[in-house]
Amino acid sequence: DQPKIKLNNGVEIPALGLGTWQSKPEEVIHAVEYSLKEVGYRHIDCAWAYANEKEVGEGIRRSGVPREEIFVTSKLWSTRHNNVEKALDESLANLGLEYLDLYLVHWPVHLNPDGNHPNIPTKPDGTRDVVEDWHIRQTWEQMEAVYKKGKVRAIGVSNCSEKILEQLLPHATVVPAVDQLEIHLYNPQHELCAYLQSKGIVPQAYSPLGSTGSPLLQDERASAIAQRHNLQTADVLLGYILAKGYVVLPKSVTPSRIAANFKGALAAHKTLTKEDIEQLDKVAAAGKQKRFIMPPWPVDLGFRDWPGH
Ligand code: A2P
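Everything numeric in this text was worked out from a predicted model, so none of it was measured.

## Section: the overall build of the protein chain
Item 1. Scanning the protein chain from terminus to terminus reveals ten helices and ten strands.
Item 2. A globule of 309 residues ought to have a C-alpha radius of gyration of about 19 Å, and the protein chain, at 19 Å, matches this closely.
Item 3. Oriented by its inertia axes, the alpha-carbon framework of the protein chain measures out at about 55 × 45 × 40 Å.
Item 4. Counting over 309 residues, the protein chain shows a buried share of 48%.

And the structure:
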């Protein structure tokens with residue numbers, strides 16, 4: 001049986017989910033169908049901004065797996081902070097679903113709805129159209145409203161530092177269930193994750209393999225541990241995050257990798273020893289590049305390790 005994590009409202013989330021960022025629409029249909037029908041994934045992570053929700057929904061339908069057996073997450077895009085319910089309804093319509101299991105605020109940044117869009121180029125000075133006169137609680141109140149209406153089984157945030165959460169939590173009547181972050185071997189965010197767990201917020205790891213063209217898969221220490229246990233390096237990278245008690249969301253559109261990541265992560269989760277985890281915990285301190293994903297917003301999000309912040 002695959003590991004599950006209990007969220008702070010009692011809802012259970014499968015600890016391993018399929019990521020869909022950068023999955024092309026025509027590829028994601030098959031990736032989602034395959035992951036559910038052939039491999040056993042029961043958790044799909046998507047977002048309005050990935051511009052492939054319709055195809056994710058199609059993949060879910062084609063799989064034939066009953067809706068209630070699947071955990072589906074989507075995210076509120078930054079131009080939609082003024083009307084959360086309408087944005088959610090659009091995601092539900094795209095996906096062809098009646099409810100979401102989890103809805104996240106994609107970034108704690110409000111972009112001008114008339115100014116920019118992920119597919120519209122940035123301004124000549126490199127900035128996007130950020131709404132300055134905004135507090136995250138204004139968005140969170142609307143997230144709480146759709147949750148209380150029963151349109152989503154849990155609500156959470158993404159890309160939120162401790163600084164942003166400290167702005168949000170005093171106003172929250174519903175504590176975010178999760179914070180989805182770039183978490184992997186080189187960017188384990190130990191302090192932030194400890195903070196999240198102290199507040200009952202589950203860390204979710206996006207880009208756990210370091211995204212496209214990542215050096216993580218060549219990491220010598222992870223590879224050595226993998227060899228010792230007869231695992232692949234990717235398995236160790238994913239199993240490491242499961243062992244920390246976080247949700248892990250590897251993305252792939254390649255059937256062999258979709259299957260290998262699922263089986264390998266679960267095998268590594270069972271096999272990795274306490275000593276292995278302790279060794280892996282120390283890898284990031286060795287001065288490697290930490291982040292592979294840098295958002296273009298000219299906003300201080302409060303992450304201590306971001307260049308320029
Ligand atoms: P693809 O989708 O073409 O299979 P992350 O989850 O960190 O964002 O990483 C996703 C990237 O890593 C994608 O480019 C994906 O390629 C690739 N990938 C996914 N699983 C594996 C794997 N087991 N081995 C090597 N590359 C992988």
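## Regarding helix 3 (residues 84–95)
Item 1. In a regular helix each residue adds 1.5 Å, so twelve residues correspond to 16 Å; helix 3 covers 16 Å between its end C-alpha atoms and thus fits that length.
Item 2. On its buried face, helix 3 sits against helix 2 (53–63), strand 5 (71–76), strand 6 (102–105) and helix 4 (136–148).

## Notes on the site of the ligand
Item 1. Among the 17 residues in the neighbourhood of the ligand, the closest are listed as Ser207, Leu209, Ala234, Ser252 and Thr254.
Item 2. The leading source of residues in the shell around the ligand is helix 9 (residues 255–271), at three residues.
Item 3. Looking at the shell around the ligand residue by residue, the class counts come to seven nonpolar, eight polar and two charged.

## Topic: the UniProt feature "site: Lowers pKa of active site Tyr" (unreviewed entry) in the protein chain
Item 1. Cross-referencing UniProt, the feature "site: Lowers pKa of active site Tyr" (unreviewed entry) maps to Lys75 in the present numbering.
Item 2. Here Lys75 shows up in strand 5.
Item 3. Those residues in contact with Lys75 that sit more than four places away from it in its chain are Ala47, Trp48, Ala49, Leu104, His106 and Ser158.

Reading the values: the criteria
- Residues numbered from 1 in each chain as written.
- Predicted model: local features only at pLDDT ≥ 70, side-chain atom pairs only at ≥ 80, totals over all residues.
- Helix = DSSP H or I, 4+ residues; strand = E, 2+ residues; numbered from the N terminus.
- Rg over C-alpha atoms; globule rule 2.2 N^0.38 Å.
- Buried ≥ 20, exposed ≤ 12 C-beta atoms within 10 Å, placed from the backbone.
- Expected span 1.5 Å × (residues − 1).
- Contact = placed C-beta atoms within 7 Å.
- Near = placed C-beta within 6 Å.
- Nonpolar A, V, L, I, M, F, W, Y, C, P; charged D, E, K, R; others polar.
- UniProt positions renumbered as here; feature names shortened; annotations may be inferred.

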